[in-house]
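Each chain, letter by letter, is given below.
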Amino acid sequence: MDSLVDTPTPRIAGTTAPALVVRSILAGIGGYLPERVVTNAELAERVDTSDAWIVERTGIRQRHIAGLHETCAFMAAMAARAALADAGAEPSDVDAIIVATATPDQAFPSTAVRVQAELGCKGFGFDLSAACSGFIYALSVADSLIRSGAARGVLVIGAEVYSRILDWTDRTTCVLFGDGAGAVFLRAGEGSGAASDRGVLSTHLHAQGTMGDMLYVDGAVGRHDRPGHVIMNGREVFRHAVTLLSETVAEALAANGLTQADIDWLVPHQANLRIIDGVGRKLGLPPERVVVTVDRHANTSAASIPLALAAAHEEGRFAPGQLVLMEALGGGLTWGSALVRL
Ligand code: UT7
């Protein structure tokens, strides 16, 4: 069933008018990319492909591939540390850790609690599985935790090592993905409830399980005979992507009484430059307002949006008060959006 999570904003009780609402402020952003870079030319030595095909069809020029020490938890912790440092926050400020991943190192304990131990945080933590939409889902859950009062500081991390679940002989998938981790630190703040507030303004989540066989892994961590490989009907996923993403973007704007002209940055899931351009064009956004990292990072699944946020932040492109629209679609199918004012 198509599901929708809209996020009405609770009022803080006991305040004098105008009542304030709890907002999840994006306080810090960080990323980690594996040291090893693999170019298209290098892949063309392993499978029947070419730099020209990969660039023309996807926009990808290179990807980072994790070394043995660069586990999912290691990269997640590195990104989390960077996000906390960016926020000027301490591990003691973290009440909860959510890691969106489809490639954890172990079935359990979760990547989140490994990160908790590494950083020396308290509170609680768990992993979340929504494939390439994982970061949007995790951001939505984190925002709900903050707005309900269950947590005041939440690390939201996307971390993936798809290189471990790729069939390196399958040219239709192995050229598309990369490894890495990105993180944001959300801190409870206050707002008036208006779209001019800083923080997460809304998240919208969707899933359509009947389309599960379009993009999946044919195994699991629990199956030692078959950890599984990514299988994708790329053409079908592509066909749905621009339509569903454009719909969810329109939904996010309408829910906040905003228009396309209000968006300062589109930070999309980085799967394919043609999909990114398609959504950007439908929004009427000039290319310089769309953050693109797919050329450098390839598709890092749940890590792609926070890594793109980290890249744009590091390049000094973001300014306080700007409106950032994020959207993603992935296996499930799952898809969704988040509107955040910096
Ligand atoms: O992140 C989760 C969501 N995922 C996505 O959003 C991915 C969506 N899909 C896509 O990005 C694109 O569909 C792909 C990049 C995966 C494929 O691009 P396409 O333009 O849809 O190509 P295609 O699958 O229609 O294949 C065209 C041709 C085929 O050959 P024939 O049948 O026309 O002879 C493929 O076998 O390209 C061939 N091909 C390749 N050729 C060289 C497929 N992969 C490769 C390759 N190198 N790596």
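Keep in mind that what you see is a predicted model, and the values were worked out from it rather than measured.

## Topic: the domain arrangement of the protein
By domain assignment, the protein separates into domain 1 (22-191) and domain 2 (199-341). Between domain 1 and domain 2, the C-alpha centre-to-centre distance is 14 Å. Across the boundary between the two partners, domain 1 contributes 51 residues, which contact 48 residues of domain 2. Summing both sides of the interface, domain 1 and domain 2 together bury roughly 3,800 Å²; the carbon and sulfur share of this comes to 67%. In terms of surface lost to domain 2, no three residues of domain 1 exceed C132, I136 and Y137, which account for 17% of the buried area on that side. On inspection of domain 1 and its partner domain 2, the count reaches zero salt bridges. Remark: the boundary between domain 1 and domain 2 carries 21 residue pairs in polar contact (both at pLDDT 80 or more). Those elements that provide at least two residues to the side of domain 1 that touches domain 2 are β1 (21-32), α2 (51-58), β3 (62-65), α5 (134-148), β6 (153-161) and β7 (179-191). No other element matches β1, which puts eight residues into the side of domain 1 that touches domain 2. Residue composition of the side of domain 1 that touches domain 2, by class: 25 nonpolar, 16 polar and ten charged.

Calculation notes
Residues numbered from 1 in each chain as written. Predicted model: local features only at pLDDT ≥ 70, side-chain atom pairs only at ≥ 80, totals over all residues. Heavy atoms only, no water. Domains from an automatic or database assignment. Contact = heavy atoms within 4.5 Å. Buried area = accessible area lost by both parts, 1.4 Å probe. Salt bridge = Lys/Arg side-chain N within 4 Å of Asp/Glu carboxyl O. Polar contact = N/O pair within 3.5 Å; in protein donor to acceptor, adjacent residues only side chain to side chain. Helix = DSSP H or I, 4+ residues; strand = E, 2+ residues; numbered from the N terminus. Nonpolar A, V, L, I, M, F, W, Y, C, P; charged D, E, K, R; others polar.

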